[in-house]
Protein chains: 2
Amino acid sequence: MKMKQIFAEIYGCGDLIEDNNFLIDAAKSAATAVGATVIGDHAVHYEPFGVTIIVFLAESHVLLTTWPENGLLLVDILLCNPAQDAALALDAIVNCVKPTGEVVKHEIFRVIAPTPS
Amino acid sequence: MKMKQIFAEIYGCGDLIEDNNFLIDAAKSAATAVGATVIGDHAVHYEPFGVTIIVFLAESHVLLTTWPENGLLLVDILLCNPAQDAALALDAIVNCVKPTGEVVKHEIFRVIAPTPS
């Protein structure tokens, strides 16, 4: 199984990216958008700024890390179900955050198998 | 600040990749290898197989996801300190796991700033 993991830097985010619950809800909305199953979540708040939250999915994870002092949210989404489109999950997060800046995307491919080929 | 996030698929892993504590210790050894500061950890065990653990760092995170049925460990390391080399952190994890298979690496660059340029 060759899976696409997607990432984004979302620039121009507002104060909500300092709010653990907002971020967890945004990650869960990403899961909902693709029909993924949430099995847990965890958040860490940095001093003086910043939050990292992870929502664990049956299909892997949505990880969000923020630099509120830069208005920046980093997104990391891995969905180990070829029927689920991580790009749609990212769209759901962008729709929650409503940034005023750019969304810069990246992707890598990961081979889930006993060997890489 | 332009940061390199690194990833790896480590193939040919043994049964230890089903052990939450082993994985958390491996991630912490990665932090130690680069002088990063651990501020928390969290693990989720899947049924019937697989574990996802995250070690939160002052500098961001080490995330490990396993498919024991494939002998596969996925690594995701982000270190937001330009003095710390994520490749050394990955080496520390490989040294813990002692895989019999390939280590396939990826990297992306993420701009930690108010705008991407």
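Data block above holds the structure.
Residues numbered from 1 in each chain as written. Chains lettered and ligands numbered in written order. Predicted model: local features only at pLDDT ≥ 70, side-chain atom pairs only at ≥ 80, totals over all residues. Heavy atoms only, no water.

Peer 1: Tell me about the pattern of salt bridges, and please be specific about residues and values.
Peer 2: Counted by the stated rule, this structure contains six salt bridges over all chains. A salt bridge links Lys28(A) to Asp41(A); its shortest N-O distance comes to 3.3 Å. Here Lys28(A) is found in helix α1 (residues 20–34), whereas its partner Asp41(A) is found in strand β2 (residues 38–45), with 13 residues between them in sequence. The class for Asp41(A) is partly exposed, based on a relative accessible area of 33%. Of the charged contacts in the structure, one is a salt bridge between Lys4(B) and Glu107(B), with a shortest N-O distance of 3.9 Å. You can see Lys4(B) sitting in strand β1 (residues 2–10) and its partner Glu107(B) sitting in strand β6 (residues 103–111), a full 103 residues away along the chain. (Salt bridge = Lys/Arg side-chain N within 4 Å of Asp/Glu carboxyl O. Helix = DSSP H or I, 4+ residues; strand = E, 2+ residues; numbered from the N terminus. Buried < 20%, exposed > 50% of the residue type's maximum accessible area, 1.4 Å probe, protein only.)

Peer 1: Describe in detail the interface of chain B and chain A, supporting the description with residues and values.
Peer 2: Interface size, as often reported, equals the accessible area lost upon joining of the parts. Each partner contributes residues to the interface: chain B has 40 residues there, and chain A has 40 residues. Each partner contributes to the roughly 3,100 Å² buried at the junction of chain B and chain A, and carbon and sulfur atoms together form 66% of this total. If you sort the residues of chain B by the area they bury against chain A, Tyr11(B), Phe56(B) and Arg110(B) come out on top, with a joint share of 18%. Across the pair Glu9(B) and Arg110(A) runs a salt bridge, and its minimum N-O distance is 2.7 Å. At the level of secondary structure, the elements contributing two or more residues to the side of chain B that touches chain A comprise β1, β2 (38–45), β3 (51–57), β4 (60–67), β5 (72–79) and β6 of chain B. In terms of residue count, the dominant contributor to the side of chain B that touches chain A is β6(B) (six residues). When its residues are assigned to classes, the side of chain B that touches chain A shows 25 nonpolar, ten polar and five charged. (Contact = heavy atoms within 4.5 Å. Buried area = accessible area lost by both parts, 1.4 Å probe. Nonpolar A, V, L, I, M, F, W, Y, C, P; charged D, E, K, R; others polar.)

Peer 1: So what's going on with helix α2 (residues 86–97) of chain B? Residues and values would help.
Peer 2: Residue and element names in this part refer to chain B. With twelve residues, α2 ought to run about 16 Å at 1.5 Å a step, and its terminal C-alpha atoms sit 17 Å apart, in line with that. If you check which residues of α2 are buried, you get Ala86, Ala89, Leu90, Ala92, Ile93, Val94 and Val97. Two to three positions downstream of the cap, the backbone nitrogen of Ala87 sits 2.9 Å from a side-chain oxygen, assigning the N-cap of α2 to Asp85. Of the residues trailing α2, Lys98 is marked for its positive phi of about 50°. (Expected span 1.5 Å × (residues − 1). Polar contact = N/O pair within 3.5 Å; in protein donor to acceptor, adjacent residues only side chain to side chain.)

Peer 1: Mind laying out the sheet that holds β2(A), listing which residues take part and the relevant values?
Peer 2: All names here are of chain A. Pairing in this open sheet of six strands is antiparallel, and the strands run β2-β3-β4-β5-β1-β6 from one edge to the other. Every interior strand has two partners, whereas the edge strands, β2 and β6 (103–111), have only one. The sheet shows a mean angle of 10° between the axes of neighbouring strands, direction not considered. In the packing of α1 onto the sheet, contacts are made with β2, β3 (51–57), β4 (60–67) and β5 (72–79), and the angle to β3 comes to roughly 30°. Set on the sheet, helix α2 (residues 86–97) makes contact with β1 (2–10), β4, β5 and β6; between it and β5 the angle comes to about 150°. (Pairing = 2+ DSSP bridges. Axes fitted to C-alpha atoms, helices over the stretch in contact; angles between N-to-C directions.)

Peer 1: Describe the side chain of Thr52(A), and please don't skip the residues or the numbers.
Peer 2: Position of Thr52(A) among the secondary structure elements: in strand β3. Leave out the neighbours within four places in its chain, and Thr52(A) touches His42(A), Ala43(A), Val44(A), Tyr46(A), Leu63(A), Leu64(A), Thr65(A) and Phe56(B).

Peer 1: Residue-level account of the layout of surface pockets, with values.
Peer 2: Considering only enclosed or pocket space, the largest pocket measures out at about 230 Å³ in volume. Lining the largest pocket are 14 residues; nearest its centre among them are Ala58(A), Tyr46(B), Phe49(B), Trp67(B) and Glu69(B). At three residues, the largest contribution of residues to the lining of the largest pocket is made by β4(B). Tallied by class, the residues present in the lining of the largest pocket amount to six nonpolar, five polar and three charged. What the second largest pocket holds in volume is close to 200 Å³. In terms of lining residues, the second largest pocket is bounded by 14 residues, among which Tyr46(A), Phe49(A), Thr66(A), Trp67(A) and Ala58(B) are the most central. Per-element accounting of the lining of the second largest pocket gives the leading share, three residues, to β4(A). Taken together, the residues that form the lining of the second largest pocket break down as seven nonpolar, four polar and three charged. (1 Å grid on protein atoms, 1.4 Å probe; cavity = no way out; pocket = protein on both sides within 12 Å on 5 of 7 lines; lining within 4 Å. Points joined across faces, edges and corners; volume = space filled by probe spheres on them.)

Shape is all these values report; function is a separate question.
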